[in-house]
Structure formats: structure tokens, C-alpha cells
Amino acid sequence: MQDSGGWEAPRRAAKVLFGRYELVGLLGFGASARVYLARDLRSGQSVALKAIPKGRVAKGGRAPNVVREISIMRHLRHPHVLRLLAVLASRSKIYIVLELARGGELLARVARGRLPEDLSRRYFRQLISAIGYCHSRGVFHRDLKPENLLLDDAGDLKVSDFGLSALPDQIRGDGLLHTVCGTPAYVAPEILSKKGYDGAKIDVWSCGVILYVLNAGYLPFNDPNLMAMYRKIYRGEYRCPEWTSPELRQLIGRILDPNPETRITVDSILHDPWFKKGLSEEERAAAAKFHAAETAEAEDGKFWMSEEPDRALDAFDLISFSSGLDLSGLFGPASDRQRFVSAEPAEVILGRAEDIGAKEGLVVRRKGEKGLGAVEVEGQIGNLVARMVVRRLAEGLVVVEVEGGGDAERGFLQGKLLPALKGPVKATANSGSAAGRPYPVL
Ligand code: AMP
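The name given to the protein chain in an unreviewed UniProt entry is non-specific serine/threonine protein kinase, with the source organism recorded as Phoenix dactylifera. Here is the UniProt Cofactor (unreviewed entry) comment for the protein chain, exactly as written: "Mn(2+)". Among the UniProt annotations of the protein chain, the heading Function (unreviewed entry) holds the following wording: "CIPK serine-threonine protein kinases interact with CBL proteins. Binding of a CBL protein to the regulatory NAF domain of CIPK protein lead to the activation of the kinase in a calcium-dependent manner."

Put into C-alpha cells, the structure is as follows:
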């Protein structure tokens, strides 16, 4: 017997998941998951496979964290942020396929002894580049610590574990985050007070603690008594070891500033003499270049529309489409979005959108590959009237997502575009040949 999404019957010693991922070994345990080493049989690539029991996702308050972790990671593309490759689901588990960081945890490296200053600088630069990128996308890590910093084959840093990250919608009207989070020794003083805090500033603080640990081999704020440790954090009471260079001492001092208002920012760190040492202006600019060209579209907050349209939908898409775990609220204000399944070829549906847009005298722009893709319809003054994306769901089925540009454009969306898209189609996902039946809305 075989659970289509579960383990295959063990004909060979190795287990194969979803007919694609061959299980090779166990990499580690997290708070909610086991992480396996696996081989992608299609590409031959080694990957990390995080198995999260569905019970943990559905119950006990873990759902928002897991869903948030997935939804954030799948949109991040940075050389020092761990890539999320795919999400799959069986009856009992959700599997997150991650880029493999073969070098293990940076913490294990530090546990063998403090790092030479140049190596600390290399990791710190990679960390700041990754954090600057995440902040520029409105994503704050909030639980930065060496355990969340993994190393790849080349010994380069990969920031992982975005389970506690916050997206902009969690910021209250005062612009500050209010969830208490983080790991005691790495938390910024303003988290300990009950006031709100700025996600960017607390990440910078944690980067300072990490930098201190890399250089010293031990924590800056430590005490067997938790309250005494918090007091030290609150007062910014620490001492750098004697081998710390004056430039590094100064930078650590500017980061571990208990006052978030005067604490150094990521932008200023990029211009710090210790940070810049040995870097050409070009390399410094590269470290500061947080906005990758291909991700610029996401800045308008409509992540769901900026995804690669030729990517087949995965289990996570289906989970997030269901009302229980609808992520749309995470990505921006509610919009006039409609989603339906069609058995028609994508090309036909996209062609209809182009025709109706042109007929109304609007500007129609086609995006993506032939066969699957997106269409944007604009008014004469460049205002967005509607956007649609067609993505593959399964053999012979596509999901169409349509969104209006705003209130003024609702008439076109509801009165013209949607009827034109849905009109002559006969078959639906559930009905086979059920002519004229309404579309199943996911
Ligand atoms: P996590 O659930 O993310 O805390 O992961 C638990 C442990 O699994 C980590 O501490 C790592 O040792 C290991 N691990 C997680 N993700 C990866 C990965 N992408 N590559 C290699 N090891 C990983």
C-alpha cells in the first residue's frame, strides 16, 4: 500500500518520497520538524527536506509560524538566504525542500574556538548583506543567532529559519512590532521592555551579538540568573576580549547600543571602517545591493502576482488557497481577486483577456512564456485596470487568478473581463464534461 504523498514501499534500502526525493540521512531536529538529507532523483541535486507533521501545522498555534516561514522564504532570493525549492504534502506531513547547507551550523564552527578577525568579518559581511536584503523587502528575522546561520559547501553563510519573521502587516499604527520573540542572549533591550520595537533595529542588535560571539567565542551578555542577564542587556554591560582590534571594538559598541534611536543602522554599517576593510568600492556597493532586479516587482506588496507563472502550483499553493490558511492578508491590502480552475488551454484564456482589453481600447501587456503567463491591462494613462496570471495546476488543468486595479476599474473586471474569461468554457475540474457548470473556486 502506498500513500501517494508518503513513503514508497521499501523495495530498496533507500526510501523515496513522492517518487522524487531519495532519503539519504538525518541532518537535524528543529522545534517543529525533522530535517533530512535527500537527493532529487530528477536533477541529482542534494537537498534538505524538512518534514513537519500536519498536526503541528493545524494545531497548537504553529500554523501561522509555519505558513509565514514558507510564504516568506519562497519569495526570497539572495546568495546568503537559504533558498526554499519546493513544498509538498502527504496525508500526515508537509515537506519543505530546502537548499542544502552542507557545512552545518556556524555555531558548531564557533564551538571549536573563536574565529580569526578576518573570518568574522567575512561572515558578518554576508550576514549584513542578507539582513539588509530582507529588511528592504519588509521582512525582519527577529531570531538571529548562530544556530540560524548555516554554511554551504564553499563555507559561505546561509541565513535560515524565518519561522518568527514578521511581515509589514504585523506592524501596528505606530510602525513598531509588538510580538515578544527571540532567544534570550540575543534579544535587544527594547524587546524586554513592554514597548513596541523596530524589527530592523532588533536584527541589527542580534547581528552585533553574533559578531561578538564570532570574535570572542562566548556571549557578551551572560549570567546564570536570567534577570541578571536581562539587566546586563538592558544597560549594554559587556566587555570585549583583549584581542579585539580598536576598529572592531568601536563597531561592536555602535551596534550594542541599548538605545535603539542611536544604534547604528545597516546603511551605516556598510560605511564602517572595520566592515569596509580590504573591500573595493565596487565590492562594498555589491554588498549594499539589496534589490535583485527579478524581485523588484514584489515591492508593490503583490507577491502572489509576481511569482514565476510557468511554475506549476505546489502543495503550498493549494494549502494557501484554502480559506483556513489564506495568506493573502500577509501580502498587502485585500484586493478584488478572483481565482478559478479551467480545463481550457492557458493560451486560449490569455488570448481572451488580450482581445477584450484591446476591444475596450486599453493597453494590453503580455508577460511570461507562451503557453502559460500573465496579462496586464492598463488604461490610457498607465493606470492598472486588471492583471491575470494563468498557472498549471495538473495535467490539462490551469488556475486563473484575476485582480482588478482599484475601485474605478471594478466595472471592467466584473462586467467584461471575468465573463469573457469564463463564458464559453465547458469542462470544470470536478465535472469532466459537465457543460455550463460553474467553475470551482479554490
Ligand atoms: P530547523 O528546524 O530549521 O531549526 O533545523 C534543524 C536543524 O537541521 C538545523 O539546526 C540544522 O542542523 C539542520 N538543517 C536545517 N536546514 C538545513 C539545511 N538546509 N541544510 C543542512 N542542514 C539543515
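The discussion continues.
**Some details on the sheet that holds strand β7 (residues 104-105)**
Within the open sheet, the 3 strands sit side by side as β7-β8-β9. Their pairing is antiparallel. Of all strands in the sheet, those bounded by a partner on one side alone are β7 and β9 (157-159). Bridge count between strand β8 (residues 149-151) and β9: 3 bridges; the pairing is antiparallel. Across the sheet, residue Leu151 finds its bridge partner in β9, namely Leu157. The sheet contacts of helix α4 (residues 117-136) involve β8 and β9, and relative to β9 the element is tilted by about 35°.

**Comments concerning the nonpolar core**
Counting residues in hydrophobic clusters, the biggest one holds 53 residues, and the most contacted among them are Phe124 and Leu127. The greatest single-element share of this core, amounting to 11 residues, is contributed by helix α6 (residues 199-216). Beyond its immediate chain neighbours, meaning those up to four positions away, Phe124 contacts Cys207, Leu211, Leu251, Ile255, Ile269, Trp274 and Phe275. Core analysis: the next-biggest nonpolar cluster, separate from the first, contains 20 residues, Ala346, Ala353, Val375 and Leu413 among them.

**Some remarks on the site of the ligand**
Near the ligand you find 15 residues, and of these Phe29, Lys50, Glu99, Ala101 and Glu105 are the closest. At a separation of 2.8 Å, a nitrogen atom of the ligand approaches a polar backbone atom of Glu99. Within the contact set of the ligand, a nitrogen atom lies 3.0 Å away from a backbone nitrogen or oxygen of Ala101. Considered on its own, the ligand offers 480 Å² of accessible surface; in the complex 87% of this is hidden by protein.

**A short note on the pairing of strand β2 (residues 21-29)**
Relative to β2, strand β1 (residues 16-17) runs antiparallel, the two being bridged by 2 bridges. Paired with Leu17 across the strands is Tyr21, a residue of β2. What sits between β1 and β2 in their antiparallel hairpin is a turn of 3 residues, with Phe18 showing a positive phi close to 55°. As paired elements, β2 and strand β3 (residues 34-40) share 7 bridges and run antiparallel to each other. Among the inter-strand pairings, Gly25 is bridged to a residue of β3, identified as Leu37.

Conventions used here
Residues numbered from 1 in each chain as written. Predicted model: local features only at pLDDT ≥ 70, side-chain atom pairs only at ≥ 80, totals over all residues. Heavy atoms only, no water. UniProt positions renumbered as here; feature names shortened; annotations may be inferred. Pairing = 2+ DSSP bridges. Helix = DSSP H or I, 4+ residues; strand = E, 2+ residues; numbered from the N terminus. Contact = heavy atoms within 4.5 Å. Axes fitted to C-alpha atoms, helices over the stretch in contact; angles between N-to-C directions. Core = buried A, V, L, I, M, F, W, Y, C linked by side-chain atoms within 4.5 Å. Buried < 20%, exposed > 50% of the residue type's maximum accessible area, 1.4 Å probe, protein only. Near = heavy atom within 4 Å. Polar contact = N/O pair within 3.5 Å; in protein donor to acceptor, adjacent residues only side chain to side chain. Areas by Shrake-Rupley, 256 points an atom, 1.4 Å probe, with all protein chains shown as cover.

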